[in-house]
Each structure stands twice: as C-alpha cells, then as structure tokens.
Amino acid sequence: MKKRKIIYYEDELNDEFSTALLDCPIIDENYVYCENSAWKRFTHFFWYRVIAMPLAFLYTKIIFGHKVVGKKAMRAYSSQGYFLYGNHTQDIGDALIPNMLDKKKSKYVIVNPANLSVPVIGRVIKSLGALPLPNNLKANRNFTSAIEQRIGENAGIVIYPEAHIWPYYTGIRPFADTSFAYPIKLSSPVFCFTNTYQKRRFSKTPRIVTYVDGPFLPDENLPPRERRKKLRDEVYNKMCERASLSTVRVIEYVRKENGK
C-alpha cells in the first residue's frame, strides 16, 4: 500500500502549502477593478464564456469526476447577486469549480495578488473575473466599489475565507468573520460550497463532490458585528458538517508539536 503523504503545519490560520512560488504585485489606488468599455466587456465574455467555462467543465470532470450536490437552491436567486464561500484545497480547481455551481451566472473570485504573476494566465486573470486583494486604503475603496458593482450586476462573488491553500485537506480550518462584512453591508444572500474527496474505484485521484448549502441570510434583528459573526458561524458549521463526508485522505496534516 502506498504510504500517505504527511504535511506538518504550525499555524492553521497562516500556513500556506500551495506549490506555486510567485511574486506578489502591489495593488494600489491605480489598479482598475472594473473596466466597462465595449472591448473589455467583449474580452471578459471571450475569456470567461468561450475559453474558461468549457475548460473548467473538462478539467473538473476528467481529472476529478466532479459532481455537485444541492445547486438547485441557487436557482431562486438567479436574478440577484450573491456571495459564495468555499474551502480552499486546490491550486487550479478552486478557480474553476465555482463556475460549475451555477453556470449561467458570472463569478468574480477574490484572489491573492500573487495570482497576477501566474505565467500566461496572469495576463488575462482580470478578464476571467479575478478581484485581487488591495494593499492600501485607497485601493480598498476601489475594491469595495467593484464588489458592489458586480453584486448590482447580479453576479456571484466567490470568497475562500481560509485564505491559504491546503491541498486535499478534508477538514475546515478556522476563519475570521471579516469577509462576511460584504454580504452584511449589501444585504445579500450567502451560499457555501464544500469540496469533499471520495474514493474512486479505478483512479488514485479522488473524486471531488461539492455540496452547496444556503441561502444564509443576514439577521437584520442583530447589530452589524453580531450579524456578521452569526453569518460566519452558520457557514462554518455547515461546511464542517459537509467536510465530514469525505471518504479518503490523500494528505495527512499533522500539527508539528504532535509530529516531528
């Protein structure tokens, strides 16, 4: 039997295990998040609908035998924007899987600025719908305005609240409620998607089964800070429940003081 790979970690909140080593450009007030010219709208359509969507379907199906459970719940919200929160366990897959959940709705993914340095893809990542995190206050205003604009356009905003990639991790790492300020501010519905890993009979690569849950709605009876925490807890608890449905672990993650 093949020995399972072990990764030792120290900090669940900040350790990063992505295999990509990339420069991280500065996103300042000069970065334009939403370009609305006819040409930019065309390039978004071309890269997102003509190129990315078919490739995403083929990649997720061929590599992972991808299956989605529960996406019908999103149909009632097809005419309005919403937020999607997911677990961060794939380098490439996490950029593609959200597009398989509701194929009709455009998705904009909040990403680390380092993604702009990815060879080839980095040049078109904005057209694909990436929203890189800002580095200063002025840029943050532009970033927030971009989120508001995309929600107003009835798009989906994808957030990975764990922030760091842990490949094939089958749990849910603790995450802050900071990013839940966006749906609170905009009174927008929230869905979560949890990628689980399942044994496959004829492949060493596990199958990814994605569970979609929601909507989770901000509790307007609570003060904003409590509203944010409650929304975060509801999403986190549901993702933990779904993550327990994984049937295979490709990588074992061990806290260092319990390991070497």
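What comes next concerns the included structure. None of these values were measured; they are calculated from a predicted model.

Looking only at helices and strands, the protein features six helices and nine strands. Overall, the C-alpha framework of the protein stretches about 55 × 45 × 35 Å when taken along its three principal axes. The proportion of buried residues among the 260 residues of the protein is 47%. Taking as baseline every contact in the protein between residues at least 6 positions apart, the subset at least 24 positions apart corresponds to 79%. Carbon and sulfur atoms provide 54% of the accessible area of the protein, an area that totals close to 14000 Å². Side chains of the protein carry 40 positive and 25 negative charges; the gap between the two charge centres is 9 Å.

What follows concerns the environment of N115. Summarising the element assignment, N115 is placed in the loop between strand 4 (107–111) and helix 3 (121–128). Not counting the four nearest positions on each side in its chain, N115 is found in contact with G122 and I125. For N115, the side chain forms a polar contact with the main-chain oxygen of N112, separated by 2.9 Å.

Summed over all chains, the structure comprises 14 salt bridges. Between K185 and E148 there is a salt bridge, and its shortest N-O distance comes to 2.9 Å. Here the residue K185 occupies a position in helix 5 (residues 181–186), and E148 occupies one in helix 4 (residues 137–152), the gap between them amounting to 37 residues. The class for E148 is partly exposed, based on a relative accessible area of 32%. Here R173 makes a salt bridge to E162, at a shortest N to O gap of 3.2 Å. Taken together, the residues R173 in the loop between strand 6 (156–159) and helix 5 and E162 in the loop between strand 6 and helix 5 connect sequence positions eleven residues apart.

Reading the values: the criteria
- Residues numbered from 1 in each chain as written.
- Predicted model: local features only at pLDDT ≥ 70, side-chain atom pairs only at ≥ 80, totals over all residues.
- Heavy atoms only, no water.
- Helix = DSSP H or I, 4+ residues; strand = E, 2+ residues; numbered from the N terminus.
- Buried < 20%, exposed > 50% of the residue type's maximum accessible area, 1.4 Å probe, protein only.
- Contact = heavy atoms within 4.5 Å.
- Areas by Shrake-Rupley, 256 points an atom, 1.4 Å probe, with all protein chains shown as cover.
- Lys, Arg positive; Asp, Glu negative; His and termini not counted.
- Charge placed at Lys NZ, Arg CZ, Asp CG, Glu CD.
- Polar contact = N/O pair within 3.5 Å; in protein donor to acceptor, adjacent residues only side chain to side chain.
- Salt bridge = Lys/Arg side-chain N within 4 Å of Asp/Glu carboxyl O.

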